[in-house]
Amino acid sequence: MFEYMASHSRFTSSAAWTIASSVNRVLPEGALPAPSWAPGRLLKKHQRTPMGKGVPRRTLSLCPECNREAVEAVIRGQSDVAGFRERPGIIDAEILEEGGRILMRKACETHGPFEDVLSNHPDFFQRMEAQSLGGDFDCVGDRELHDHGPNSIRAGRGSYLIVDLTNRCNMMCRPCFMDANGVGYVDETDMEELKTIFERAGSFKPNREINVLFSGGEATLSPIFLDAIRHAKSKGFHRLHVSTNGIRFAESRNFAVEASAAGLHGVYLQFDGVSEEKNKHRGLGNYMEVKLRALENIAAAGMQTTLQVTVVNGLNNDCVGEIVRFALRNADQIHGVIFQPVMFTGRDERISTEDRYAERYPLSQLAYDLQAQTSIDWRPMRDWYPASAYAIFSHLDDVLDRGAERGSLFPDMHPDHAIMSPLLVDTEKGKAIPIPAFFDLGRFMQDVVQITDSGRSPRVTRAMVLLSLLRNFNQAKAPSGLGPHELRGLFEGSLYRFTTSNGDWSRQASAKTARWRLMFINGMWFQDAYNYDFATICNSNAPVATWQGEISFCAYNGGGWRKVLESVHHTATVADWYRNHGRHQIYAAGKKVQLVESLSSRPEPLVQIEAAPVGTFFTRG
């Protein structure tokens, strides 16, 4: 009887959708709005600039040796920043499929051939490319901010604005994409520079929401860490996070409370495995104790944690499933997981060819390793999408919220470089299931694109989205207790991830519902000089804010810009810094962090945040 009712409900909603969409196609398309934050009218899919994709294809890349020589020429004073800007070591490259892999091949006239693996699952690679929505607006009014020659950002706002506060760190990890504590100088951002960064951050269009990610080194060592958070908050940036190893948060719950009070919303916590053995390369003697304490203190201060995992093939790729299980068991403290395959820069830029082949972890492998290492029926070709697919819902919010001062958060990363899979977590039963197992997410996203492109009124748009939501829901395959009302609540409850900031944004983002939660598992691929693709640099998901403007994270680290700018800008030599400021503690070679406060099994939160009410999306306007 239940299966009959579920099937009948789906049939009814599908029939209603067919009728409504047929009428919608017959009527002439309406014009999309032209909000003040955008350089023109909102873009329909056919108006978006296609991203460089397809196999085989030609592109431009870097010669790792020529790029290193160009960087060293600036450091030695033989060249300047302007010279590096135009001549970073560019060579031709080809992306092709061969032997069940997607490869990049290139050859330098001076330094010979280079090859790297982009994917070891071509079908998965092509599936991600096929799901791309296309690019965001071209940037307007950004000439000085994005003037970095062939490495210039040309479109979109990005999802994360990375603000490096210091290159100092209290650990000595390997890998380390910036070689913290190893470059011989200290480079720190002061408050005047920080003010300039945030003044520039809103100076061009599209003026969208963005996640601010304070980083380093170890950002919490910066003397302006809390002041930086307060200043960003005062300038209207509400999505404030820090990327950290968690030592400061583990040492003091008061520090976590102070950071939260300053305006910090979330923490990206370094986490490479669930045991001491899997984290020996980090050098911290009591790694797991520190992480558990940090998680406890961060949650008690009312903030959410995203686990940030650097995956090295042969080191910790065999425990990605354990990390997801850990996140699911601690879903009240953990918001999601970002797996980041190792990039060979900084401490690892001179890696041997043999070690690079052995340690490279193609992003597509993540989906297949999680399928093999978990028991939740995770299917790579069904349950994974490019992370840029989020942008479909960002665009929906832009179409509906026409008076917003800022656009929605619009993930503009290339489909080859970021993937995601949403899981439904049943907190009562301690189980998880991929959303596409019972909800046709791919067809729903196609429906939403069709709906928004038609240019109807907000009321009609909401009604059609609701119809699509219902027709793509297969209740017979859904977990027991999850019905259309709960599905609608999940959809509305997840929209804070993209929507423009308002008084309820942080409350919605931190809300804990009674039973059902969404957890997004993400994979983020960053480029180094060996797999560098200039066709993907112009759309930067993670610009780094520097005294020379905003630079793609991949160009900054993988393309040599960090060393160039820090060599010109650095605050002091390490010796001078220690002489004037003293040495900070560095935990390496098994040294333990002394934790004074006791570790409880499950603390009572200091901040209790209730869930946002269901119904706002489909009823407002």
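1. What about helix H5 (residues 191-201)?
Turning to H5, its buried residues number three or more, namely Leu194, Ile197, Phe198 and Ala201. Seen from one end, H5 has its buried residues packed into an arc of 85 degrees, which puts them on one side. Exposed and facing more than 90 degrees away from the buried side of H5 are Glu192 and Glu199. Structurally, H5 contributes buried residues whose contacts are with strand E5 (160-164), strand E7 (211-215), helix H6 (225-234), strand E16 (543-546) and strand E17 (549-552). If you check the start of H5, you find a side-chain oxygen 3.2 Å away from the backbone N of Glu192, and it comes from Asp190.

2. As for the pairing of E16
Side chains Pro543 and Ala545 of E16 all project onto a buried face; the interleaved residues Val544 and Thr546 project onto the opposite face, where all are buried too. As paired elements, E16 and E17 share 4 bridges and run antiparallel to each other. Along E17, the bridge assignment pairs Val544 with Ile551. Hairpin connection, E16 to E17: the antiparallel pair is bridged by 2 residues.

3. Focus: the nonpolar core
Val163, Phe214, Phe249, Phe339, Trp384 and Ile521 are the most contacted members of the largest nonpolar core, which has 85 residues in total. The element contributing the most residues to this core is helix H9 (residues 287-300), with 6 residues. Non-local contacts of Trp384, meaning those with residues more than four positions away in its chain, are made with Phe124, Arg127, Met128, Leu366, Ala367, Leu370, Trp378, Arg379, Ile419, Met420, Ser421 and Ile521. The next biggest cluster of nonpolar side chains, apart from the first, holds 66 residues, and it includes Ala70, Leu213, Ile392 and Phe439.

4. Observations regarding the pattern of salt bridges
Under the definition given, this model contains 37 salt bridges. A salt bridge links Arg58 to Glu94; the nearest nitrogen and oxygen atoms lie 3.6 Å apart. Of the two residues, Arg58 sits in strand E1 (residues 57-62) while Glu94 sits in strand E2 (residues 90-98), which places them 36 residues apart along the sequence. Taking the relative accessible area as the measure of exposure, Glu94 reaches 28% and is therefore partly exposed.

5. Notes on unusual backbone geometry
The step from Val55 to Pro56 runs through a cis peptide bond, and the omega angle for that step is 0 degrees. Note on placement: Pro56 falls in the loop between helix H1 (2-26) and E1. A cis amide bond, omega 25 degrees, links Gly216 with the succeeding residue Gly217. We note that Asp377 has phi near 55 degrees; this positive angle belongs to a residue other than glycine. Relative to the helices and strands, Asp377 is located in the loop between helix H12 (363-373) and helix H13 (380-383). A relative accessible area of 43% places Asp377 in the partly exposed class. If you check the backbone angles, Ala589 has positive phi at about 55 degrees while not being a glycine. Here Ala589 is to be found in the loop between helix H21 (574-581) and helix H22 (616-619). When its relative accessible area of 83% is taken as the criterion, Ala589 is described as exposed.

6. Focus: the packing of aromatic side chains
To describe a pair of aromatic rings, you give the distance between the ring centres and the angle between the ring planes. For the structure on display, the rule yields 18 aromatic pairs. Measuring from ring centre to ring centre gives 5.4 Å for Tyr390 and Phe520, while their planes differ by 65 degrees; the resulting arrangement is edge-to-face. Residue Tyr390 is located in helix H14 (residues 390-400), and its partner Phe520 is located in strand E15 (residues 516-524); the two are separated by 130 residues in the primary sequence. The pair formed by Tyr390 and Phe520 is uniform in burial state, with each residue classed as buried. Plain terms: the ring middles of Phe526 and Phe553 are 4.5 Å apart, the flat faces sit at 50 degrees to each other, and that makes the pair tilted. Of this pair, Phe526 sits in the loop between E15 and E16 while Phe553 sits in helix H19 (residues 553-558), placing them 27 residues apart in sequence. Taking the relative accessible area as the measure of exposure, Phe553 reaches 8% and is therefore buried. An aromatic cluster is present here, built from Phe393, Phe439, Phe444 and Phe491 joined pairwise through their rings. A cation over an aromatic ring shows up here: Arg248 above the ring of Phe255, its NZ or CZ 4.1 Å from the ring centre. Geometry around Phe237 places Arg406 over its ring, the cationic atom sitting 4.5 Å from the centre.

7. Details of the sheet that holds E1
Strand pairing in a sheet relies on backbone hydrogen bonds. The paired strands run either parallel or antiparallel. In spatial order, the strands read E1-E2-E3-E4; together these 4 strands make up an open sheet with antiparallel pairing. The outermost strands of the open sheet, each flanked by one partner alone, are E1 and strand E4 (112-119). Taken over all neighbouring pairs, the strand axes of this sheet differ in orientation by 30 degrees on average, direction set aside. Pairing analysis gives 6 bridges linking E1 to E2, with the strands arranged antiparallel. When the sheet's bridge partners are listed, Arg58 is paired in E2 with Glu94.

Scoring rules and cut-offs
Residues numbered from 1 in each chain as written. Predicted model: local features only at pLDDT ≥ 70, side-chain atom pairs only at ≥ 80, totals over all residues. Heavy atoms only, no water. Buried < 20%, exposed > 50% of the residue type's maximum accessible area, 1.4 Å probe, protein only. Helix = DSSP H or I, 4+ residues; strand = E, 2+ residues; numbered from the N terminus. Arc of directions from axis to C-beta. Contact = heavy atoms within 4.5 Å. Polar contact = N/O pair within 3.5 Å; in protein donor to acceptor, adjacent residues only side chain to side chain. Pairing = 2+ DSSP bridges. Core = buried A, V, L, I, M, F, W, Y, C linked by side-chain atoms within 4.5 Å. Salt bridge = Lys/Arg side-chain N within 4 Å of Asp/Glu carboxyl O. Phe/Tyr/Trp six-rings, centres within 6.5 Å; stacked < 30°, edge-to-face > 60°. Lys NZ or Arg CZ within 6 Å of the ring centre and 35° of its normal. Axes fitted to C-alpha atoms, helices over the stretch in contact; angles between N-to-C directions.

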